[in-house]
Amino acid sequence: MIDPKIRPDYHVGKGEGSVTSSSGGSTHCLVFRPGAIAGFSLTAIPPPHDPQPRLLRVRSKLATAAG
């Protein structure tokens, strides 16, 4: 779950808690500067409020970096 205070242009400070896991697993949040990502894989973006989001295999494509 992403903290609702996290919006476009919000500055996340070093060590600031902004994401929590409701399933008891590990949580990782990657933050990129504007223009670093050319596009995200649609399979990596779960529909909002999906009770059973699709699992992704390790080493699955998440995004494409901008050249």
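Residues numbered from 1 in each chain as written. Predicted model: local features only at pLDDT ≥ 70, side-chain atom pairs only at ≥ 80, totals over all residues. Heavy atoms only, no water.

Colleague: Now, about the overall build of the protein: what can you tell me, with residues and values included?
Modeller: A tally of regular secondary structure across the protein gives zero helices and two strands. In the protein, buried positions account for 4% of the 67 residues. Of the contacts made within the protein by residues no fewer than 6 positions apart, 28% connect residues no fewer than 24 positions apart. On the protein, roughly 6,500 Å² of surface is accessible, and the fraction owed to carbon and sulfur atoms is 58%. (Helix = DSSP H or I, 4+ residues; strand = E, 2+ residues; numbered from the N terminus. Buried < 20%, exposed > 50% of the residue type's maximum accessible area, 1.4 Å probe, protein only. Contact = heavy atoms within 4.5 Å. Areas by Shrake-Rupley, 256 points an atom, 1.4 Å probe, with all protein chains shown as cover.)

Colleague: Would you mind going over the environment of Leu-42 in detail, with residue names and values included?
Modeller: Looking at where Leu-42 falls in the secondary structure, it is placed in the loop between strand E1 (37–40) and strand E2 (63–65). Separated by 21 residues in the primary sequence, Leu-42 and Ala-63 have C-alpha atoms spaced 8.9 Å apart.

Colleague: Describe in detail a nonpolar patch on the surface, supporting the description with residues and values.
Modeller: Together, Phe-40, Leu-42 and Ile-45 give the surface a local cluster of nonpolar side chains, amounting to about 360 Å² of exposed area. Among the structural elements, Phe-40 can be located in strand E1. Phe-40 gets classed as exposed once you look at its relative accessible area, which sits at 53%. (Patch = residues over 30% accessible without salt bridge, like charges linked within 9 Å, V, L, I, M, F, W, Y side chains within 5 Å. Salt bridge = Lys/Arg side-chain N within 4 Å of Asp/Glu carboxyl O.)

Colleague: Just give me the short version of unusual backbone geometry, but keep the residues and values in it.
Modeller: For Asp-9, which is not glycine, the phi dihedral falls at a positive 75°. Here Asp-9 shows up in the segment before E1. With relative accessibility at 84%, the residue Asp-9 sits in the exposed group.

In short, the description is geometric, and any link to function would need to be established separately.
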